[in-house]
Amino acid sequence: MARNRTTGKATATSSPVDAARAFSERVLSLMDTSRPEGPAFLAAAAGTELAKATGFGPLEKLCKPLIVPAALAIALLEGARGEGALAGGSTTGVGRPGAGGLGPLATTLLSVTGAAYTTGDVILMLGGGHASRSKARLVSGAAAFGVGHLALGGLMLRSGLRCKPLQSAVHGVVAGAAGAVLLSEDRANAPLAAYGGLLAALSALATSVDRRSGPAASVLAVAGPVLLLSDGLILVRRKAEGGTALARALDVGVIDTYATAALLLLTGTAAAARAAGRPA
């Protein structure tokens, strides 16, 4: 049990059941054709996966830069409507309207995150994608993503999330191990190791979400580890020979996990921001 910093009362940590239920509702909401941003996200992600599986570059250039803007649109439009993943009838309250919209600062930080992630996507996409061995391009892409992580982490903190000891310890070990591997390969990988530390810190914060932030925010417990997995797959992909079935499978896996993490991070953080602004 976590303690509410304001009231001193015990607050239940978000459970795997909460996260699974919210994730299921999020997936279902993407298929609501009355709200085009959901199908647009699915189309952008599926188009990018197809491009990676077939090696058809023009399709990737068309679809990949649309993944994060579509996810951002979902988060912002839900905030404007003052609701969670589904409209009405949600057993978890995820879709209950009237929960309060997003304020100007939350909207700005989410938008900065979306712009930074999209910039990172374009930098990497135009430089050989996940197979790029150019450290300069990888560092540039990591810097862009880093700006987005800082903006998103700032909004999480402003919304009341705080890293818990267990999550901090686990992610500290992961970051340390990844950094040690990168530095053992080449000391020039220091910026990438530092980025790994920032990514692990964001994941530790996301997985520390509790029930104060509302059911819709519980997807953050899934989003953090999935983003770590996505970046881990990129490192593995750099070692795979281009054009092989393994390389293409890894490329598709990177897109699957990245699109999922981006959607859950943006919508989950938006939900936490709305919950933080809701009258007690």
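Rules behind the numbers
Residues numbered from 1 in each chain as written. Predicted model: local features only at pLDDT ≥ 70, side-chain atom pairs only at ≥ 80, totals over all residues. Heavy atoms only, no water. Helix = DSSP H or I, 4+ residues; strand = E, 2+ residues; numbered from the N terminus. Buried < 20%, exposed > 50% of the residue type's maximum accessible area, 1.4 Å probe, protein only. Contact = heavy atoms within 4.5 Å. Areas by Shrake-Rupley, 256 points an atom, 1.4 Å probe, with all protein chains shown as cover. Salt bridge = Lys/Arg side-chain N within 4 Å of Asp/Glu carboxyl O. Axes fitted to C-alpha atoms, helices over the stretch in contact; angles between N-to-C directions. Parallel < 35°, antiparallel > 145°, perpendicular 65-115°, else oblique. Left-handed = near helix turned anticlockwise from the far one by under 90°. Nonpolar A, V, L, I, M, F, W, Y, C, P; charged D, E, K, R; others polar. Expected span 1.5 Å × (residues − 1). Patch = residues over 30% accessible without salt bridge, like charges linked within 9 Å, V, L, I, M, F, W, Y side chains within 5 Å. Polar contact = N/O pair within 3.5 Å; in protein donor to acceptor, adjacent residues only side chain to side chain. Phe/Tyr/Trp six-rings, centres within 6.5 Å; stacked < 30°, edge-to-face > 60°. pLDDT = per-residue confidence, 0-100. Core = buried A, V, L, I, M, F, W, Y, C linked by side-chain atoms within 4.5 Å.

Colleague: Any chance you could explain the overall build of the chain here in plain terms?
Modeller: Looking only at helices and strands, the chain has ten helices and two strands in total. By the burial criterion, 51% of the 280 residues in the chain qualify as buried. Within the chain, residue pairs in contact and separated by at least 24 positions form 73% of the contacts whose partners lie at least 6 positions apart. Surface exposure of the chain reaches about 12200 Å², of which carbon and sulfur atoms provide 67%.

Colleague: Would you take a moment to explain the pattern of salt bridges for this structure?
Modeller: Note on pairing: side chains with opposite charge can pair once their charged atoms come close. A complete count under the given rule lists eight salt bridges for this structure. Close ionic contact of Lys135 with Asp186 constitutes a salt bridge, the shortest N to O distance being 3.5 Å. Placement of the pair is Lys135 in helix H6 (residues 135-158) and Asp186 in the loop between helix H7 (165-185) and helix H8 (190-206), with a sequence separation of 51 residues. Asp210 serves as the salt-bridge partner of Arg212, at 3.0 Å between the closest nitrogen and oxygen. What you see here is one network of salt bridges that share partners, running through Lys164, Asp210 and Arg212.

Colleague: Help me understand the packing of H6 against H8, please; the structure alone is not making it clear to me.
Modeller: In a packed pair of helices, the relevant descriptors are the angle between the two axes and the axis-to-axis distance. Their axes nearest at 10 Å, the elements H6 and H8 cross at an angle of 25 degrees. Classified by the angle between their axes, H6 and H8 sit roughly parallel to one another. Every pair of crossing elements has a handedness; the one defined by H6 and H8 is left-handed. Contact residues: H6 offers Leu138, Val139, Ala142, Phe145, Gly146, His149, Leu150, Gly153, Met156 and Leu157, while H8 offers Pro191, Leu192, Tyr195, Leu198, Leu199, Leu202, Leu205 and Ala206. For the contact of H6 with H8, a count of residues per class yields 15 nonpolar, three polar and no charged.

Colleague: Would you mind going over helix H2 (residues 37-54) with me for this structure?
Modeller: Since the α-helix packs 3.6 residues into each turn, any two residues three or four apart lie on the same face. Over its 18 residues, H2 extends 26 Å from the first C-alpha to the last, a length consistent with the 26 Å expected when each residue adds 1.5 Å. Among the residues of H2, Glu37, Gly38, Phe41, Ala44, Ala45, Gly47, Thr48, Ala51 and Lys52 are the ones counted as buried.

Colleague: Explanation requested: H6 in the structure shown.
Modeller: Look at H6: 34 Å from first C-alpha to last across 24 residues, which is about the 34 Å you get at 1.5 Å a residue. Just beyond H6, the residue with positive phi is Gly160, at close to 105 degrees.

Colleague: Which parts of the structure should I look at to understand a nonpolar patch on the surface?
Modeller: Where nonpolar side chains cluster on the molecular surface, the patch consists of Phe23, Val27, Leu28, Met31 and Leu42 and spans about 420 Å² of accessible area. Looking at the nonpolar patch, the element that brings in the most residues is helix H1 (residues 16-29), giving three residues. Assignment of secondary structure puts Phe23 in helix H1. Judged by its relative accessible area of 32%, Phe23 falls in the partly exposed class.

Colleague: Sorry if this is basic, but what is going on with the environment of Thr207 here?
Modeller: Note on placement: Thr207 falls in the loop between H8 and helix H9 (220-237). For the pair formed by Thr207 and Gly224, sequence separation is 17 residues and the distance between their alpha carbons is 6.3 Å. Here the side chain of Thr207 touches Ala204 through a polar contact of 3.2 Å, landing on its backbone oxygen.

Colleague: Help me understand the packing of aromatic side chains in this model?
Modeller: Any aromatic ring pair is given by two values, namely how distant the centres are and how the planes are angled relative to each other. Throughout the structure, instances matching the rule amount to two aromatic pairs. Between Tyr117 and Phe145, the ring centres sit 5.7 Å apart and the planes meet at 45 degrees, which makes this aromatic pair tilted. Of this pair, Tyr117 sits in helix H5 (residues 104-125) while Phe145 is found in helix H6, placing the two residues 28 residues apart along the sequence. Of the two residues, Tyr117 and Phe145, neither departs from the other in class, the shared state being buried. These aromatic residues form a ring-pair network of at least three members: Tyr117, Phe145 and Tyr258.

Colleague: Please explain the confidence of the model for the chain as it appears in this structure.
Modeller: A low pLDDT score tells you not to read the predicted coordinates there in detail. Here the chain shows a mean pLDDT of 84. Residues at 70 or above account for 84%. Note that pLDDT drops below 50 for residues 1-10; the model gives that stretch 20 contacts with residues more than four away or on any other chain. For residues 85-99, every residue scores under 50 in pLDDT, and the model assigns this stretch 39 contacts once sequence neighbours within four places are set aside.

Colleague: Sorry, what's going on with the nonpolar core here?
Modeller: It is characteristic of soluble globular proteins that their nonpolar side chains tend to be buried jointly. Of all hydrophobic cores here, the largest spans 55 residues; its most connected members are Phe41, Leu110, Tyr117, Met156, Leu265 and Leu266. Going through the elements one at a time, H2, helix H4 (67-81), H5, H6, H8, H9 and helix H10 (245-277) are the ones with two or more residues in this core. In terms of residue count, H10 provides more of this core than any other element does, 13 residues in total. Setting aside residues no more than four positions away along its own chain, Met156 makes contact with Leu161, Leu202, Leu205, Ala206, Leu220, Leu265 and Thr269. In terms of nonpolar packing, the next biggest core, distinct from the first, is built from six residues, Ile234, Ala240, Ala247 and Val254 among them.

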